[in-house]
Amino acid sequence: VARRGRGTGAARATERAIVEAADRLFLTRGYVGTTMEAVAQEAGVVVQTIYNSVGNKQALLSRVLDYTAAGPQAPTAVPDTLRAATAAAPDADSLVRLLSEWFAELQPRLAPLMRTIQEGAAVAPEVDALEKARAEQRFLNYHEAARAFAARADSKPMKTPEAAALIWTVGH
């Protein structure tokens, strides 16, 4: 399992270079058309460095997804960033605004990669498994946001699964 947000500055810089190279290649060549050798060449590293820093091709795609979703906060994971922002939201309206603004900022950045993942999922079982696992994780994260919303005194009563489904609908 690759480490997230840890390690030396040089290791983080190497990981970022690998992820950025993979991102460019996945978006232009697709999942199937992107080789580890091409990523290594684009990132200026040897293939073994990718395996040591990130993992196999599926792990690399997953890391690209993490970085893309996190945006400027990468490599900090989105749930960590949103958890802190959610905790700071003083009321339900602020929380709704926070999530709406986050989705509006996220979707244009994430949409091209999600198309690549969907195309890859159609032909590569490991990408299909990744897509399903990440969707399940997002839905669990939305349950957390729904619980945060329900905890606000001024929120309208709604069951957590329904609120999570509403967040999913707004975000997708």
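The model shown is predicted, which means the values in this text are computed figures rather than measured ones.

### Here we look at a nonpolar patch on the surface
A surface patch of nonpolar side chains, amounting to about 270 Å² of accessible area, comprises Met 158, Leu 166 and Val 170. Turning to its location among the elements, Val 170 is positioned in helix α8 (residues 160-171). The class of Val 170 is exposed, set by a relative accessible area of 55%.

### With respect to the confidence of the model for the protein chain
The predicted model of the protein chain averages 89 in pLDDT, with 95% of residues at 70 or higher. Across the protein chain, helix α2 (residues 36-43) holds the top mean pLDDT of 98, while α8 sits lowest at 78. Residue range residues 1-5 is modelled with pLDDT below 50. Its contacts to residues more than four positions away, or to other chains, number nine contacts.

### Quick notes on the pattern of salt bridges
Tallying each qualifying case throughout the model produces eight salt bridges. Between Glu 15 and Arg 63 there is a salt bridge; the shortest N-O distance is 2.9 Å. With Glu 15 in helix α1 (residues 9-33) and Arg 63 in helix α4 (residues 57-70), this residue pair connects regions lying 48 residues apart in the sequence. The two residues Glu 15 and Arg 63 agree in class, both being buried. Notably, a salt bridge pairs Arg 109 with Glu 105, separated by 2.1 Å at the nearest N-O pair. One end of the pair is Arg 109 and the other is Glu 105, both in helix α6 (residues 92-123) and four residues apart, which spans about a single turn.

### Brief notes about the environment of Ile 18
Along the polypeptide, Ile 18 turns up in helix α1. Counting along the chain gives 23 residues from Ile 18 to Gln 41, while the straight-line C-alpha distance between them is 9.5 Å. Once residues lying within four places of it in the same chain are set aside, the contact partners of Ile 18 are Val 39, Ala 43, Val 45, Thr 49, Ile 50, Ser 53, Val 54 and Leu 60.

### Brief notes about the layout of surface pockets
Estimates place the volume of the largest pocket at around 670 Å³. Val 78, Trp 102, Arg 138, Asn 141 and Tyr 142 are the residues nearest the centre of the largest pocket, which is lined by 30 residues in total. At 10 residues, the largest contribution of residues to the lining of the largest pocket is made by α6. Split by residue class, the lining of the largest pocket holds 16 nonpolar, seven polar and seven charged.

### Points about the packing of α1 against α6
The geometry of α1 relative to α6 is characterised by a closest axis approach of 8 Å and an angle of 25 degrees between their N-to-C directions. Put simply, α1 runs roughly parallel to α6. Handedness of the crossing formed by α1 with α6: left-handed. In this structure, α1 contributes Asp 23, Phe 26, Leu 27, Gly 30, Tyr 31 and Val 32 to the contact, and α6 contributes Pro 112, Leu 113, Thr 116, Gly 120 and Val 123. Taken together, the residues of the contact of α1 with α6 sort by class into seven nonpolar, three polar and one charged.

Definitions and limits used
- Residues numbered from 1 in each chain as written.
- Predicted model: local features only at pLDDT ≥ 70, side-chain atom pairs only at ≥ 80, totals over all residues.
- Heavy atoms only, no water.
- Patch = residues over 30% accessible without salt bridge, like charges linked within 9 Å, V, L, I, M, F, W, Y side chains within 5 Å.
- Areas by Shrake-Rupley, 256 points an atom, 1.4 Å probe, with all protein chains shown as cover.
- Salt bridge = Lys/Arg side-chain N within 4 Å of Asp/Glu carboxyl O.
- Helix = DSSP H or I, 4+ residues; strand = E, 2+ residues; numbered from the N terminus.
- Buried < 20%, exposed > 50% of the residue type's maximum accessible area, 1.4 Å probe, protein only.
- pLDDT = per-residue confidence, 0-100.
- Contact = heavy atoms within 4.5 Å.
- 1 Å grid on protein atoms, 1.4 Å probe; cavity = no way out; pocket = protein on both sides within 12 Å on 5 of 7 lines; lining within 4 Å.
- Points joined across faces, edges and corners; volume = space filled by probe spheres on them.
- Nonpolar A, V, L, I, M, F, W, Y, C, P; charged D, E, K, R; others polar.
- Axes fitted to C-alpha atoms, helices over the stretch in contact; angles between N-to-C directions.
- Parallel < 35°, antiparallel > 145°, perpendicular 65-115°, else oblique.
- Left-handed = near helix turned anticlockwise from the far one by under 90°.

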